[in-house]
Structure formats: structure tokens, C-alpha cells
Amino acid sequence: MSRIAVCPGSFDPITYGHLDIIRRGAKIFDKVYVVVLNNSSKSPLFTVDERIKLIKEVTMDIPNVQVDQFSGLLVDYAKSVNANVILRGLRAVSDFEYEMQITSMNRVLNENIETFFMMTNNQYSFLSSSIVKEAAKYHAKISELVPPEVEKVLQKKFSGN
């Protein structure tokens with residue numbers, strides 16, 4: 001039986017913090033689906049297709065990672081790809097409270113799917129897509145926060161071109 005995990009997020013844009021969790025997860029699981037979820041409560045900077053393209057570019061060297069998109073219940077997506085694990089990164093205690101609620105609800109919806117929490121590397125514990133976008137908007141140096149491919153498209157987005 002394969003160990004298949006789903007690593008969901010909005011990834012708007014993907015950061016080195018996200019990549020840290022994806023890379024480490026790919027060492028533990030046979031296959032990791034990185035899934036861009038369309039969060040209706042957020043106003044994304046990048047389209048779903050743009051985010052998928054960026055994630056594919058920065059994970060192309062990880063053979064057991066597959067990038068996909070989904071709207072609906074995460075447990076339904078996990079079931080559709082035969083995943084029995086949801087992989088989530090935690091940065092701080094504040095993340096834990098939110099994730100605990102989501103995990104509890106997912107457990108009610110499908111008790112066969114487990115959630116694995118992975119602490120992000122300390123160097124990325126402050127990092128979020130929102131912080132990256134704010135810094136990029138004001139042309140701050142973000143090369144230590146995101147891969148070069150992401151930095152390039154952020155610069156383009158905020159240059160008006």
C-alpha cells in the first residue's frame with residue numbers, strides 16, 4: 001500500500017516555507033499531491049493556473065510530487081487520489097489552533113484520513129505568502145523568501161507590466 005499525502009494550500013505565491021514542508025514530506029511519503037485550493041474567502045494575486053505553473057516549476061526536481069487543483073472538500077479530494085494523509089505545515093502556536101479546528105472537522109467527514117503536522121524550519125517560521133506579497137509590492141528584497149521563479153513573477157506583477 002502506497003503512502004500518499006495531500007499537501008493543500010492557496011500558495012499565493014509558493015514560498016520557501018511551503019517548499020520546506022513539501023520537500024520534507026516527499027522524503028516520508030511515496031507520493032505528495034500539492035493541491036491548490038480555491039479559497040473563496042481570499043482575493044488571490046495569482047490565478048489558480050499561475051500558481052500551479054509556479055509550483056510545478058519549483059518542484060520539478062522532486063519526482064514524487066504532483067501538482068493539482070481542487071475546489072470542494074479536501075477530504076473528498078484526498079479520497080479521490082487514494083490519499084490517507086493530509087500534510088500541513090505549522091509555523092507557530094496560532095497556526096495550531098486554526099489547524100486543529102480544520103483537522104477535527106475533516107475527522108468527522110472522513111475518519112480514515114489522518115492529518116500530519118510538520119513544523120516548518122525555524123528560518124521560515126515568520127514567513128507567509130501575505131508577507132511576501134506585501135514586501136514585493138514595495139520592491140523589497142525577497143530572494144531569501146521565495147524561489148527565483150517566484151521572485152521574477154512577483155516583480156513583474158508589481159512593476160505594472
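Preceding this paragraph is the structure being described.
If you're wondering where the values come from, they're calculated on a predicted model, not measured in any experiment.

*Asks:* Could you give an account of the pairing of strand β5 (residues 114–119), naming the residues involved and the relevant values?
*Replies:* The sheet contact formed by strand β4 (residues 85–90) and β5 spans 6 bridges and is parallel. By the bridge assignment, R88 is partnered in β5 with F117. In this fold, β4 hands off to helix α4 (residues 93–109), which returns the chain to β5; that crossover is right-handed.

*Asks:* Explain the environment of D12 to me, and be specific about the residues and the numbers.
*Replies:* Within the secondary structure, D12 sits in the loop between β1 (4–9) and α1 (16–28). Measuring from C-alpha to C-alpha, the distance between D12 and V150 comes to 10.0 Å, with 138 residues separating the pair along the chain. Apart from the residues lying within four places of it in its own chain, the contact partners of D12 are P44, L45, F46, R51, S129 and K133. Of note is the side chain of D12, whose polar atom sits 2.9 Å from the backbone nitrogen of F46.

*Asks:* So what's going on with the side chain of T59? Residues and values would help.
*Replies:* Along the chain, T59 falls in helix α2 (residues 48–59). Those residues within four positions of T59 in sequence are excluded, and the remaining contacts are L19, I22, V65 and V67.

*Asks:* Talk me through the environment of R24; I want residue IDs and the actual numbers.
*Replies:* Position of R24 among the secondary structure elements: in helix α1. Given a relative accessible area of 29%, R24 falls into the partly exposed group. Sequence separation between R24 and M118 is 94 residues, and the spatial gap between their C-alpha atoms is 8.7 Å. Filtering out sequence-adjacent residues up to four positions away, R24 remains in contact with M118, M119, T120 and N121.

*Asks:* Summarise the packing of aromatic side chains; cite the residues concerned and give the values.
*Replies:* Tallied over the entire structure, the rule returns 5 aromatic pairs. Ring geometry for F70 and Y77: centres 5.1 Å apart, planes at 55 degrees, overall tilted. Residue Y77 is classed as buried on the basis of its relative accessible area of 3%. Members of the aromatic cluster, connected to one another through ring pairs, are Y33, F70 and Y77.

*Asks:* With reference to specific residues and values, describe α4.
*Replies:* Over its 17 residues, α4 extends 25 Å from the first C-alpha to the last, a length consistent with the 24 Å expected when each residue adds 1.5 Å. Among all positions of α4, only D95, E99, T103 and N106 are buried.

*Asks:* Give me the environment of K157: which residues, what numbers.
*Replies:* With respect to the element layout, K157 can be found in helix α6 (residues 148–159). The partly exposed category is assigned to K157, whose relative accessible area is 32%. For the pair formed by K157 and D68, sequence separation is 89 residues and the distance between their alpha carbons is 23 Å. If we ignore the near neighbours within four places in the chain, the residues touching K157 are L45, F46 and E50. Among the polar contacts made by the side chain of K157, one reaches the main-chain carbonyl oxygen of L45 at a distance of 3.4 Å.

Criteria and thresholds
Each chain has its residues counted from 1, running along the sequence as written. The predicted nature of this model means local features are confined to residues of pLDDT at least 70 and side-chain atom pairs, given and counted, to a pLDDT of 80 or more, with totals for whole chains, interfaces and linings taken over all residues. Just so you know, side-chain values use all the structure's heavy atoms and leave hydrogens and water out. Should DSSP find at least two bridges between two strands, the strands are taken to pair. Helix numbers and strand numbers start at the N terminus; a helix is a DSSP run of H or I with at least 4 residues, a strand a run of E with at least 2. Assignment of crossover handedness uses the view with strands pointing away from the viewer, where a clockwise path from the first strand over the helix to the second indicates a right-handed crossover. Contacts are assigned to residue pairs with any non-hydrogen atoms lying within 4.5 Å of each other. Think of a polar contact as two N or O atoms within 3.5 Å of one another; within protein, one of them needs to be a possible hydrogen donor and the other a possible acceptor, and neighboring residues in sequence only count if both atoms come from side chains. Accessible area is worked out with a 1.4 Å probe on protein chains only. A residue is then buried under 20% of its type maximum, exposed over 50%, and partly exposed in between. Geometry of aromatic contacts follows a simple scheme: Phe, Tyr and Trp rings, the Trp one being its six-membered ring, pair when their centres are within 6.5 Å, and the pair is stacked under 30 degrees between planes, edge-to-face over 60, tilted otherwise. Take the residue count of a helix, subtract one, and multiply by 1.5 Å to get its expected span.

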